[in-house]
Amino acid sequence: MVWKYCETCDISRPLRSKHCPRKACGHCINRFDHHCDWMNVCVGSGNHLYFYLTLVCIVFDTFLSLIALFLHLVHCKESPVLFVSEGSVWASYILFRRWKTIFMIGLTVPLFLFAAKMLKEQTIGILRNMTFN
């Protein structure tokens, strides 16, 4: 096995390891992937599986949340007050009575897209046996 020397830690380390650039960590990580700001930890060989499973859970949870929010938006138990015409009744009801649900959908969609993109990149990296840093 080929080793290289870390001048910061003053130790020899394997080739795919790297010294974390964050001052909070300050040590070498075997198969360093990246520093995760969500969990405030370096992702490497010891915890890469747990990071991946966390991403899977976040994507699954936000997807279920979006389904529940859309179902809540579509299947209203209260009957809307009739305004001008049949077409504008549902739209005005949604805008004025269900604005909190629309707001939550607006918060959940970007989180879902961001986590799904990260999950896709991590899956590609795992399949290709690559790290991202």
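Structure: above.
Residues numbered from 1 in each chain as written. Predicted model: local features only at pLDDT ≥ 70, side-chain atom pairs only at ≥ 80, totals over all residues. Heavy atoms only, no water.

Undergrad: Quick rundown of the overall build of the protein chain? Include the residues and the values.
TA: From N to C terminus, the protein chain includes three helices and six strands. Mapped in sequence order, the helices and strands of the protein chain form the string β-β-β-β-β-β-α-α-α. Considering the protein chain as a whole, with its 133 residues, one finds that 29% of them fall into the buried category. For the protein chain, the proportion of contacts with a sequence separation of at least 24, taken over those separated by at least 6, is 36%. About 9400 Å² of surface is accessible on the protein chain, with carbon and sulfur atoms providing 66% of the total. (Helix = DSSP H or I, 4+ residues; strand = E, 2+ residues; numbered from the N terminus. Buried < 20%, exposed > 50% of the residue type's maximum accessible area, 1.4 Å probe, protein only. Contact = heavy atoms within 4.5 Å. Areas by Shrake-Rupley, 256 points an atom, 1.4 Å probe, with all protein chains shown as cover.)

Undergrad: Account for the side chain of D33, with residues named and values stated.
TA: Among the structural elements, D33 can be located in the loop between β4 (28-29) and β5 (34-36). Of the side chains bearing the opposite charge, R31 lies closest to the buried D33, which forms no salt bridge; the N-O distance is 6.9 Å. For D33, the side chain forms a polar contact with the side chain of Q122, separated by 3.3 Å. Not counting the four nearest positions on each side in its chain, D33 is found in contact with V43, G44, H48, Q122, M130, T131, F132 and N133. (Lys, Arg positive; Asp, Glu negative; His and termini not counted. Salt bridge = Lys/Arg side-chain N within 4 Å of Asp/Glu carboxyl O. Polar contact = N/O pair within 3.5 Å; in protein donor to acceptor, adjacent residues only side chain to side chain.)

Undergrad: Explain a nonpolar patch on the surface to me, and be specific about the residues and the numbers.
TA: A surface patch of nonpolar side chains, about 470 Å² in accessible area, is lined by F60, F63, L64, I67 and L71. The topology assignment puts F63 in helix α1 (residues 48-74). (Patch = residues over 30% accessible without salt bridge, like charges linked within 9 Å, V, L, I, M, F, W, Y side chains within 5 Å.)

Undergrad: Give a description of unusual backbone geometry that names residues and reports values.
TA: In this structure, D10 takes a positive phi of about 65° despite not being glycine. Note that D10 resides in the loop between β1 (3-6) and β2 (11-14). At N129, a residue that is not glycine, the phi angle is positive and equals roughly 55°. By the secondary structure assignment, N129 is in the segment after α3 (99-128).

Undergrad: How would you sum up the state of the cysteines? Please name residues and give values.
TA: Following the criterion strictly, the structure yields zero disulfides and no others. The thiol of C20 is unpaired, and the distance to the nearest cysteine sulfur, on C42, comes to 3.1 Å. Relative accessible area serves as the criterion here: at 2%, C20 is assigned to the buried category. A residue is classified by how much of its surface remains accessible, and C42, at 6% relative accessible area, is buried. (Disulfide = S-S within 2.5 Å.)

Undergrad: Please give an account of the pairing of β2 that cites residues and values.
TA: In the sheet, β1 pairs with β2 via four bridges, with the strands oriented antiparallel. Bridged to W3 within β2 is P14. (Pairing = 2+ DSSP bridges.)

Undergrad: Quick one: what's the story with the pattern of salt bridges, residue by residue and with numbers?
TA: Within this structure, the stated rule accounts for two salt bridges. Here D37 and R22 are joined by a salt bridge, their closest N and O atoms 2.9 Å apart. Separated by 15 residues along the polypeptide, D37 in the loop between β5 and β6 (41-43) and R22 in the loop between β3 (18-19) and β4 bring together distant segments of the chain. Here K117 makes a salt bridge to E121, at a shortest N to O gap of 2.6 Å. Pair noted here: K117 and E121 are both in helix α3, with a separation of four residues, about one helical turn.

Undergrad: With reference to specific residues and values, describe the side chain of H48.
TA: Note on placement: H48 falls in helix α1. On the basis of relative accessibility, which here comes to 16%, the residue H48 falls in the buried class. H48 has contacts with D33, V43, Q122 and I126, leaving out every residue within four places of it along the chain.

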